Amino acid sequence: MIGSGEGGEGIVPPERRHGPAGRLPKALIGLVLGAGTAWVELVLLGVAALIMAYAFAFSRGRRKVPGLVASGAMAATRMECRRLGAFLGHREAAEYGPLQALAYLVLRAPIGLLGGAILVLIGYGAYAMAALAVSWWITGDYLDGIPPEPWIVAYTAIFGVILLFVAVQGLVGVAALERKVARRCLGPSPLAGYERRIAHLSESRAEVVEAVDDERRRIERDLHDGVQQRLVALGMLIGRARRAGDAERSRELLRQAHEESQRALEDLREVAWRIYPAALDGEGLRAALETVAERSPLPVAIEYEPSGKAPHAVETAAYFVVCEAVTNAAKHSGATRVAVRVTESVGEAGAGSTSGAGAVDGKRAGNGDGRMISVRIEDDGGGGADPAGGGLAGLARRVAALDGAFGVDSPPGGPTVIAAELPCG
């Protein structure tokens, strides 16, 4: 997902995730590299064991990891983290010291060797099958000069496919084990995770209060600059009509006052709609978004996938994300069209948000059943949207209050993509 932050697909723009066909070559490369680095790490661990044994034997007082061992373990662990992130999709935050790095290498090296052994077996099996096929169908180099029976060919092919399937599942298990070991050894401790969670909730609570204050100021500004000004003009027109000397002039002023009252009523309805749309309660998120599209001066295409109803707070936040994004596109971007996509997925629920330019790719808190509502808005305008601007920053706080993820990608020249992930737990 774009930029730095916390969140996850659907975040802004959603992560360019590859399908299985795109992930498989990267995973194979990662496992091959992991098998090679495992040998390097075995040598490193052997040398580290000798140095630490010597250092502990002749140390006085507090024992600690020698500097040479610590720097080597940290460098090897950083290398492994980069490999896991680039090829095996492991992007969790790592917090570790020399001891954790050494423990990780002790566990990871055998896993890397296991992956290498499976790869070697797959390669040998592929070579053996290819050689057998060539001898049977091309060179005619049969065993004992007798061509194989069809059932032998079928048996050999089925047996080879089964072995290949087992080997591939072994590679999948090795990749999962690599990520699990890294998460256990290098990730934050449960206490640190709880402390981070508490800090996030405290920050979200403060942001909610700030967002409420910003919303109140916006409502006051809308009333003062819009409705109040029209009501003042209406009062002036009625006063002039009362003081008018002739009936014709009075009727004209009353006509103008009536028109001004209609415009004031429209402004008041607009303010009320922006505060909270009645359609959201009565007909749901889809109907509310369709109303946004109808009221927008730009063409807005809406793709809505969720079949069920999300929690009320989630639908409200999703509505305001779309409404603010469409409004910004119409006012500031110079766009000619806006595309809105709302999807539903099942996974781990999010924690944290970002308003930086870039993807939301962060930690997950595991709320509820993991059902997520993802919102993505893209326009073809000139880009350059400021994520720290009042409107977008307010959206980021609103999403963070629900433990969701938010992100903005708006390079100069466009397009601008705003996305949010909202957990339904």
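Structural data are supplied above this passage.
Values in this document were obtained by computation on a predicted structure and should not be read as measured data.

On a plain count of helices and strands, the protein comes out with 10 helices and 5 strands. Looking at the protein as a whole, 37% of its 425 residues qualify as buried.

Relative to the helices and strands, His-200 resides in helix H5 (residues 190-243). The class for His-200 is buried, based on a relative accessible area of 14%. Sequence separation of His-200 and Asp-403 is 203 residues, and the distance between their C-alpha atoms is 8.8 Å.

Moving on, we come to empty space enclosed by the protein. The calculated volume of the largest cavity comes to roughly 40 Å³. Surrounding the largest cavity, Ala-325, Ala-329, Val-338, Ile-377, Glu-378, Asp-379, Thr-416 and Ile-418 form its lining. Taken together, the residues of the lining of the largest cavity break down into 5 nonpolar, 1 polar and 2 charged. Estimates place the volume of the second largest cavity at around 30 Å³. Lining the second largest cavity are Leu-285, Tyr-304, Pro-306, Gly-308, Ala-310, Val-314, Glu-315 and Ile-373.

With mixed pairing, the 5 strands of this open sheet are ordered in space as E1-E2-E3-E5-E4. Looking along the sheet, the strands with just one partner apiece sit at the ends: strand E1 (300-304) and strand E4 (405-409). With direction set aside, neighbouring strand axes in the sheet form an average angle of 10°. Inspection of the sheet shows E1 paired to strand E2 (residues 338-346) by 5 bridges, in the parallel sense. From the neighbouring strand, Tyr-304 faces E2, where its bridge partner is Val-342. Seen against the sheet, helix H8 (residues 285-295) touches E1 and E2 and runs at an angle of roughly 170° to E1. Packed onto the sheet, helix H9 (residues 312-333) meets E1, E2, strand E3 (371-379), E4 and strand E5 (416-423) and runs at close to 5° relative to E3.

We now examine the pairing of E5. In terms of burial, E5 is largely enclosed, as 8 of its 8 residues are buried. Side-chain alternation along E5 places Thr-416, Ile-418, Ala-420 and Leu-422 on one buried face and Val-417, Ala-419, Glu-421 and Pro-423 on a second face that is also buried. Alignment of E3 against E5, held across 8 bridges, turns out to be antiparallel. Pairing of Asp-379 across the sheet is with Thr-416, part of E5. As paired elements, E4 and E5 share 5 bridges and run antiparallel to each other. Paired with Asp-409 across the strands is Val-417, a residue of E5. The hairpin turn running from E4 into E5, its antiparallel successor, is 6 residues long, and Gly-413 in that turn takes a positive phi close to 95°.

Next up on the list: helix H4 (residues 150-186). Counted at 1.5 Å a residue, the expected span for H4 with its 37 residues is 54 Å, and the 54 Å between its end C-alpha atoms agrees. Of the positions making up H4, those classed as buried are Thr-156, Ala-167, Leu-171, Val-174, Ala-175, Glu-178, Val-181, Ala-182, Cys-185 and Leu-186.

Scanning the model with the defined rule gives 16 salt bridges in all. A salt bridge links Glu-41 to Arg-108; the nearest nitrogen and oxygen atoms lie 3.0 Å apart. Remark: Arg-108 occurs in helix H3 (residues 98-137) and Glu-41 occurs in helix H1 (residues 20-58); sequence separation between them is 67 residues. The exposure class assigned to Arg-108 is buried, which follows from its relative accessible area of 0%. The partner of Arg-83 in a salt bridge is Glu-80, and the shortest N-O contact between them spans 2.6 Å. Linking Arg-83 with Glu-80, this pair stays in helix H2 (residues 67-87), spanning 3 residues, or about one helical turn. On the basis of relative accessible area, Arg-83 is assigned to the buried category, the value being 6%. The exposure class assigned to Glu-80 is buried, which follows from its relative accessible area of 0%. Residues participating in the shared-partner salt-bridge network are Glu-41, Glu-80, Arg-83, Arg-108 and Glu-178.

Cut-offs used in this document
Residues numbered from 1 in each chain as written. Predicted model: local features only at pLDDT ≥ 70, side-chain atom pairs only at ≥ 80, totals over all residues. Heavy atoms only, no water. Helix = DSSP H or I, 4+ residues; strand = E, 2+ residues; numbered from the N terminus. Buried < 20%, exposed > 50% of the residue type's maximum accessible area, 1.4 Å probe, protein only. 1 Å grid on protein atoms, 1.4 Å probe; cavity = no way out; pocket = protein on both sides within 12 Å on 5 of 7 lines; lining within 4 Å. Points joined across faces, edges and corners; volume = space filled by probe spheres on them. Nonpolar A, V, L, I, M, F, W, Y, C, P; charged D, E, K, R; others polar. Pairing = 2+ DSSP bridges. Axes fitted to C-alpha atoms, helices over the stretch in contact; angles between N-to-C directions. Contact = heavy atoms within 4.5 Å. Expected span 1.5 Å × (residues − 1). Salt bridge = Lys/Arg side-chain N within 4 Å of Asp/Glu carboxyl O.

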